[in-house]
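Overview (structure and organization)
Below are the chains, spelled out letter by letter.
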Amino acid sequence: LVTALAALAGAACSLLAEGSGTAAVAGGVLPFTAGGFIYLGTVSVIPEILRGSGARQALLQLLALLAGVAMMLLIAHYE
């Protein structure tokens, strides 16, 4: 319930900041949203990775997760 309420609050903040220019979006909403997605992804994915596979498979999956984060950074940088 708390996660769903936070998602609704984030959507409301995004809609409110939409007309205020790129400074508001780049300076507050976008980094906060990206950090939230990265946090939720790592908190829910990493324990599942470590529980269900061997060390080599867990390392490969963790590297894939980090590659995804790196791709998000590249897209944000060149956008």
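What you see as residue numbers is a count from 1 along each chain, following the sequence as written. Per-residue local features of the predicted model are confined to residues with pLDDT of at least 70, and side-chain atom pairs are confined, for both listing and counting, to 80 or more; whole-chain, interface and lining totals are unaffected and use all residues. Only hydrogens and water are removed before side-chain values are computed, so all heavy atoms of the structure are retained for them.

Further remarks concern the overall build of the protein chain. Going along the chain from the N terminus, every DSSP run of H or I of four or more residues is numbered as a helix, and every run of E of two or more is numbered as a strand. What the protein chain contains, in helices and strands, is 3 helices and 0 strands. Each residue is placed in one exposure class: buried if its accessible area under a 1.4 Å probe, protein chains only, is under 20% of its type's maximum, exposed if it is over 50%, and partly exposed if it falls in between. Counting over 79 residues, the protein chain shows a buried share of 5%. Calculation of accessible area relied on Shrake-Rupley with a 1.4 Å probe; when residues are assessed, cover is drawn exclusively from the protein chains displayed. Accessible surface for the protein chain amounts to roughly 6300 Å². Of this, 76% is attributable to carbon and sulfur atoms.

With that out of the way, let us pick up the environment of Thr3. Within the element layout of this structure, Thr3 appears in helix α1 (residues 2-17). Taking the C-alpha atoms as reference, Thr3 lies 9.7 Å from Leu40; in sequence the two are 37 residues apart.

What follows concerns the UniProt feature "transmembrane region" (unreviewed entry) in the protein chain. UniProt positions are given in the numbering used here, feature names are shortened, and annotations may be inferred rather than shown by experiment. UniProt's feature table lists "transmembrane region" (unreviewed entry) at residues 29-46 and 58-78, given in the numbering used throughout. Within residues 58-78, the helical portion is 100% and the strand portion 0%, while the C-alpha atoms at the span's ends are 30 Å from each other.

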